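Each chain, letter by letter, is given below.
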Amino acid sequence: MSTRRYTFQYKEIISINRDSFLNTVVRNDNLSKKDLRVLAHLMTHLDGMNFKAMSKKTIAQDLNISKSDVDKSIENLIDNEILQVGSSASVEKGYRLLF
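Residues numbered from 1 in each chain as written. Predicted model: local features only at pLDDT ≥ 70, side-chain atom pairs only at ≥ 80, totals over all residues. Heavy atoms only, no water.

### A few points about the overall build of the protein
So, step 1. Across its full length, the protein carries four helices and two strands.
So, step 2. Listing every helix and strand of the protein by position from the N terminus yields α-α-α-α-β-β.
So, step 3. Within the protein, the fraction of its 99 residues that count as buried is 32%.
So, step 4. Long-range pairs, those at least 24 residues apart, make up 58% of the contacts in the protein between residues at least 6 apart in sequence.
So, step 5. Entry remark: accessible area of the protein is about 7,400 Å², with carbon and sulfur atoms responsible for 48%. (Helix = DSSP H or I, 4+ residues; strand = E, 2+ residues; numbered from the N terminus. Buried < 20%, exposed > 50% of the residue type's maximum accessible area, 1.4 Å probe, protein only. Contact = heavy atoms within 4.5 Å. Areas by Shrake-Rupley, 256 points an atom, 1.4 Å probe, with all protein chains shown as cover.)

### Remarks on the packing of helix α3 (residues 56–63) against helix α4 (residues 67–79)
Two packed helices can be described by the angle between their axes and the distance between those axes.
So, step 1. Between α3 and α4, the least distance of the axes is 8 Å, while the angle of their chain directions is 110°. With respect to each other, α3 and α4 are oriented roughly perpendicular. Two secondary-structure elements touch here, α3 through Lys 56, Lys 57, Ile 59 and Ala 60 and α4 through Lys 67, Val 70, Asp 71 and Ile 74.
So, step 2. Of the residues assigned to the contact of α3 with α4, the class counts are four nonpolar, no polar and four charged. (Axes fitted to C-alpha atoms, helices over the stretch in contact; angles between N-to-C directions. Parallel < 35°, antiparallel > 145°, perpendicular 65-115°, else oblique. Nonpolar A, V, L, I, M, F, W, Y, C, P; charged D, E, K, R; others polar.)

### Remarks on the nonpolar core
So, step 1. If you look at the biggest cluster of nonpolar residues, it comprises 19 residues, and the most contacted ones within it are Leu 42, Leu 77 and Leu 83.
So, step 2. Contributing elements (two or more residues each) for this core: α2 (33–43), α3, α4 and β2 (94–97).
So, step 3. Leaving out residues up to four positions away in the same chain, Leu 42 has contacts with Met 54, Ile 59, Leu 77 and Leu 83. (Core = buried A, V, L, I, M, F, W, Y, C linked by side-chain atoms within 4.5 Å.)

### Re the packing of α2 against α4
So, step 1. At a minimum axis separation of 9 Å, α2 and α4 run at an interaxial angle of 80°. Viewed along their axes, α2 and α4 adopt a mutual orientation that is roughly perpendicular. Contacts between α2 and α4 involve Lys 34, Asp 35, Val 38, Leu 39 and Leu 42 from the former and Asp 69, Ser 73, Ile 74, Asn 76 and Leu 77 from the latter.
So, step 2. Its residues assigned to classes, the contact of α2 with α4 comprises five nonpolar, two polar and three charged.

### Looking at the environment of Leu 63
So, step 1. Here Leu 63 shows up in helix α3.
So, step 2. Owing to a relative accessible area of 12%, Leu 63 belongs among the buried residues under this scheme.
So, step 3. Distance in space between the C-alpha atoms of Leu 63 and Val 38 is 7.7 Å, their sequence separation being 25 residues.
So, step 4. The residues contacting Leu 63, other than those within four sequence positions of it, are Arg 37, Val 38 and His 41.

### Focus: the pattern of salt bridges
So, step 1. If you walk through the whole model with that rule in mind, you get four salt bridges.
So, step 2. One salt bridge in this structure joins Arg 18 and Asp 19, with 3.5 Å as the shortest N-O distance.
So, step 3. Classification of Arg 18 by relative accessible area gives exposed; the value is 60%.
So, step 4. The residue Lys 34 makes a salt bridge to Asp 69 at a minimum N-O spacing of 2.7 Å. You can see Lys 34 sitting in helix α2 and its partner Asp 69 sitting in helix α4, a full 35 residues away along the chain.
So, step 5. For Asp 69, a relative accessible area of 18% puts it in the buried group.
So, step 6. If you follow the salt bridges from partner to partner, you end up with Lys 56, Lys 67 and Asp 71 in one network. (Salt bridge = Lys/Arg side-chain N within 4 Å of Asp/Glu carboxyl O.)

Below you can see the structure in the form of structure tokens.
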């Protein structure tokens, strides 16, 4: 008798406006490679509707970069209107995507 194990991975699909993403992110010369890495990481956790708390320390560890680099990248993403910082009823300080 076979003892196969099946692993199911939960995937969440988000929809991003193609033109908005191209104009806001891809064609943006103000973003560094680290900014794009931080953004890619954030995109796996955030959406454009809800604020979600994110640990900068955890992001730094996941990407193997310094926390100060994560701080700078997040500030640059906010300055370029790609990321928004705010709060909600359940999150004191969180982030959400703006595109």
